[in-house]
Amino acid sequence: MSNKHAQSRRVLLLGNEACAEGAIAAGVRFYAGYPITPATEIFERFAYRLPALGGVCVQMEDECGSMHALLGAAAAGQRVATATSGPGFNLVQEGIASLASAELPAVIINVQRIGPSTGSIHGAQMDVMQAQWGFNGNHQTIALAPSSVSECFWTTVRAVELAETLRMPVLVMSEMHVGLMRQAVELPDYDEVRIEGRPRPTCAPSDYRTYLCKRLEDVPPLADIGSGYRNVFQVTTHGSETAGGGGMVWDYKEADWHLRHLAAKVLHRRHEIEWVEPFATEDAEVVIVAYGSCVSAALAAMKAARQDGRRVGVLKLVSLWPFPEDAVRRHAAKAELVLVPELNLGQMVREVERVLGPSGIPVHPINRVDSYYMWPDDILGVLNAMAGR
Amino acid sequence: MRTEVRFAGDGGQGLVLAGIVLAEAAGVYGGHYASQSQFYAPVIMGGPSYADVVISDSDTAFPWGTSPNVLVALTQRSFDHFANRVADDGLVLTDPSLVPERGIRADRVVPIPAREIAERAGAAKAANMVCVAAVAALTGVATLEHVQKAIDARVPGRLLDANRAAAKQGWDYAQKVLCGREA
Amino acid sequence: MTSARRMAIPMVELAKATARLPDAQAGETFRYCPGCGLGIVQSALARALYRLEIDLSTVVTVGGSGCYGIMGEYFQSNHIHGSHGRAPAVGVGLKLANPKLTVITIQGDGDALAIGASHFIHAARRNVDITVLICNNFGYANTGGQYGPSTPLGGVTETSPAGCFEYPFDACQLAIGAGATFVARSTSYHAIHMTNMLERAIRHKGFSVVEVLQHCHVLYGKRNGMPEATQWLTLFKENSVRAGAPGGAEARRAEPGKWEIGVLHQEEKPEFVEMYFATAAKLAGNR
């Protein structure tokens, strides 16, 4: 059910459609997917939009196939994306690991639903730890969590930029509640959406190596397969100067470089990646740290509490990984209590506890796993109970 | 000011489309904050279903349903289930031909012969648009012009005229009978 | 192609054009076991690429986890050392993103027929223009010799110590059934034949498969009474029946322990990437 008035830039859009539009605005022209509720609208939007843009939207045999089609297309120079949900998020993990190890860019949108396994199609935030720790090996992922339809658009734009500039898979951790919500949003002129692309080699083809860079935190320039530069992409551990046949001699130093490099290239830029929004945290005695769909409940609870004269603030986390620990520390510095509402039984709260633990500020989780969104009353109830103690 | 509308009934009654048209009228053409969501079940016709619309002046309004200011109930089951959740000063808009028992919150019930009006307009299935226009008229969240513009954008061509006519008559009925104003 | 190029291929030229050989002075060696059939497969692929005279910067080999996985690194072309079994899916992505690329997946029997079977058959069904080279050594070798989907009934391996009790896949029949438009088989004895098959497969427009029966005397051979590479070469020599050969080939191929080599199936059918863009253009035109 799409709007026939294409000329209007203020549109009523599903969160899922906004993710697809954000990716398209950011230059994604290759999508490979597998249908799954509640993420299918993203796939359908791409299938409708990409052919007219000269792009490719293809349905693969499973999510694993989608991910590896993305890997091939990214290696050939395309900006690529896929979307999935819970059970499919399990299946894309192998592909995310491949892209992370081979250092190829892709955007993976997970419209979270209840799990484990098939669970149900209803809303949840149960895969946020999986976003960081879902696949094997040591790595640092980047994950962004939209809390509104407009943020579905902009987090996907940013995810494409981070993926391209850092040569790695980047996750958009949407939710059924956000993805299947329609909101009236202003869309920008896509020509005005300018993002940085992948770093390109300036050397001669003969000097090019797929992973050549000086420092651990550098992002190696990336040439497309077929552009005249020879690439050897490896999901195996590899050194910076690997030129193929690198597997011929085992080198423990290369393994060490590879693992440290994958972490360093992200953590070195953690402040550029950090995306948070504080609301009235300056004087707040209680800070609600919220992300995704829980942000709306946190803001509504804050408003009600402020009307009662209580100093409550909200710290909205848009970037979940790497965990924006400096921002949490900064905005909770004066708090006497930190609340962490989540649609799971306590996942990101562990990170908040880890960060605030040394300061002794008590951290209290608020959890819902009954498929509903967080209600403002869920948070107000805890606020009232805490005030009465 | 936050206005929450719930369209409730069975799958196939066009509840989600009603939500979309109201949200688009108020949000896109009216320029308000508008958010629309639905109870989501696999694609099977005929089961219980509802769609929520939240319209507000604030960009940070809570976007999902909590307790509706207006409930549009198009089946007895949905009336029985949701009437008690309506806000204290809220309204329950319902078609007596579809919902014969209207005892719950009787003081807040507003009857509207939506199906009959839609039939007169050319298609009984357009009862949803009668209700959209009536809700807009009763709450002031959208103008008839904006509702009809949203119908133009969202309803397939062959049903367009009937839906536009249904909205017009729903609007007039609400203005005249429910608000006591001349259209 | 010049006939000189086909007739004689000087080894030095071959090495320069297609292969990055290990640097002996730096202590590098080929990582295959001595006498492994993979060396023969690698040189056949090198010869085929040399004969085809393609710009190697437009060639991509895609490998996975297994002894064959590093083969692509020895070529001057691009290589993706990907995950186990996923090479055909990577190939679909590569071809859709840049149809000018020549994509060759180098896979094992476990890789293509077990963990990656679904990618293999769906790439075949789509008739995507890639070449799948299956190095079939009758089981898993890189992990130490376990049975797999191509281990013959009774074959003794580390995980089938009393003999394999599962029926094997026939990779070629599977490919034909799935819609592949060029299917051929060769063996590590038939080095020149294998080169010809690979050359024709890469040249073919559409999904092409070359299954190479390739000896692993070190693991599978040792446990099944054939510990010498030469025993395998003799076996392949004596039991291969040329597809379409005159003189009772039909009857001989039906004998147990015999297999057909050569082109088993070939047809012309619209190719996937071309069909995608033709359909996309239609869709774009309708807007």
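Residues numbered from 1 in each chain as written. Chains lettered and ligands numbered in written order. Predicted model: local features only at pLDDT ≥ 70, side-chain atom pairs only at ≥ 80, totals over all residues. Heavy atoms only, no water.

All names here are of chain A. Along the chain, asparagine 384 turns up in helix H13 (residues 376–387). Each C-alpha atom, one on asparagine 384 and one on asparagine 90, is 39 Å from the other, the two residues being 294 residues apart in sequence. In terms of polar contacts, asparagine 384 uses its side chain to reach the side chain of arginine 310, at 2.8 Å. (Helix = DSSP H or I, 4+ residues; strand = E, 2+ residues; numbered from the N terminus. Polar contact = N/O pair within 3.5 Å; in protein donor to acceptor, adjacent residues only side chain to side chain.)

Attention now goes to helix H1 (residues 15–25) of chain A. Residue pairs three or four apart in sequence face the same way in an α-helix, which turns once every 3.6 residues. All names here are of chain A. Extensive coverage of H1 is indicated by the burial of eleven of its eleven residues. As for H1, its buried residues are in contact with strand E1 (10–14), helix H2 (40–49), strand E5 (106–114), helix H6 (149–166) and helix H7 (176–179). Two residues or fewer past H1, glycine 27 is found with a positive phi of approximately 95 degrees. (Buried < 20%, exposed > 50% of the residue type's maximum accessible area, 1.4 Å probe, protein only. Contact = heavy atoms within 4.5 Å.)

Counting buried residues in strand E4 (residues 131–136) of chain C gives six out of six residues, a clear majority hidden from the surface. Side chains C:Thr131, C:Leu133 and C:Cys135 of E4(C) all project onto a buried face; the interleaved residues C:Val132, C:Ile134 and C:Asn136 project onto the opposite face, where all are buried too.

A:Phe46, A:Val338, A:Ile379, C:Ile80, C:Leu94 and C:Phe207 are the most contacted members of the largest nonpolar core, which totals 171 residues. Summarising the domain contributions, this core has at least three residues from each of domain 1 (10–192) and domain 2 (277–387) of chain A. Among the nonpolar cores identified, the runner-up in size contains 52 residues, and B:Val28, B:Ile117, B:Ala134 and B:Ile151 belong to it. (Core = buried A, V, L, I, M, F, W, Y, C linked by side-chain atoms within 4.5 Å. Domains from an automatic or database assignment.)

To continue, consider the packing of helix H3 (residues 63–75) of chain A against helix H4 (residues 87–97) of chain C. Their axes nearest at 6 Å, the elements H3(A) and H4(C) cross at an angle of 45 degrees. Relative to H4(C), the element H3(A) lies oblique. Every pair of crossing elements has a handedness; the one defined by H3(A) and H4(C) is right-handed. Counting all contacts with H3(A), which are made through A:Gly65, A:His68, A:Ala69, A:Leu71, A:Gly72, A:Ala73 and A:Ala75, the residues of H4(C) involved are C:Ala89, C:Val90, C:Gly93, C:Leu94 and C:Ala97. Split by residue class, the contact of H3(A) with H4(C) holds eight nonpolar, four polar and no charged. (Axes fitted to C-alpha atoms, helices over the stretch in contact; angles between N-to-C directions. Parallel < 35°, antiparallel > 145°, perpendicular 65-115°, else oblique. Left-handed = near helix turned anticlockwise from the far one by under 90°. Nonpolar A, V, L, I, M, F, W, Y, C, P; charged D, E, K, R; others polar.)

A few words now on the interface of chain C and chain A. Between chain C and chain A, the residue contacts involve 40 residues of the former and 44 residues of the latter. Of the roughly 3,300 Å² buried between chain C and chain A, counting both surfaces, carbon and sulfur atoms make up 59%. If you look at where chain C meets chain A, you find two salt bridges. Ionic pairing is found between A:Glu94 and C:Arg86, a salt bridge with its closest N-O pair at 2.7 Å. (Buried area = accessible area lost by both parts, 1.4 Å probe. Salt bridge = Lys/Arg side-chain N within 4 Å of Asp/Glu carboxyl O.)

Before going further, it helps to examine the sheet that holds strand E6 (residues 109–111) of chain B. Ordered by their spatial adjacency, eight strands build an open sheet running E1(A)-E9(A)-E2(B)-E3(B)-E1(B)-E4(B)-E5(B)-E6(B), and the pairing between neighbours is mixed. At either margin of the open sheet sits one strand with a lone partner, and together these are E1 of chain A together with E6 of chain B. Each strand of the sheet is rotated relative to its neighbour by a mean of 20 degrees, with strand direction disregarded. Bridge count for strand E4 (residues 70–73) of chain B against strand E5 (residues 91–94) of chain B is four bridges, and the pairing is parallel. Its bridge partner being in E5(B), B:Val70 is matched across the sheet by B:Leu91. Packed on one face of the sheet, H6(A) meets E1 and strand E9 (182–186) of chain A and runs near 60 degrees to E9(A). (Pairing = 2+ DSSP bridges.)

All names here are of chain A. Considered domain by domain, chain A is made up of domain 1 (10–192) and domain 2 (277–387). In this structure, domain 1 and domain 2 have C-alpha centres spaced 26 Å apart. With 25 residues of domain 1 in contact, the opposing surface of domain 2 contributes 27 residues. Linking domain 1 to domain 2 there are one salt bridge. With its nearest N and O atoms 2.4 Å apart, the salt bridge here joins glutamate 151 to lysine 316. Of all the secondary structure elements, the ones that give two or more residues to the side of domain 1 that touches domain 2 are strand E6 (120–123), helix H5 (128–133), strand E7 (142–144), H6 and H7.

Summed over the entire model, instances satisfying the criterion amount to 42 salt bridges over all chains. Among the ionic pairs, A:Asp224 bridges to A:Arg200, the shortest N-O distance being 2.8 Å. Residue A:Asp224 is located in the loop between E9 and strand E10 (232–234), and its partner A:Arg200 is located in the loop between E9 and E10; the two are separated by 24 residues in the primary sequence. A relative accessible area of 17% places A:Asp224 in the buried class. Owing to a relative accessible area of 41%, A:Arg200 belongs among the partly exposed residues under this scheme. Across the pair C:Arg185 and C:Glu211 runs a salt bridge whose closest N-O atoms are separated by 2.7 Å.

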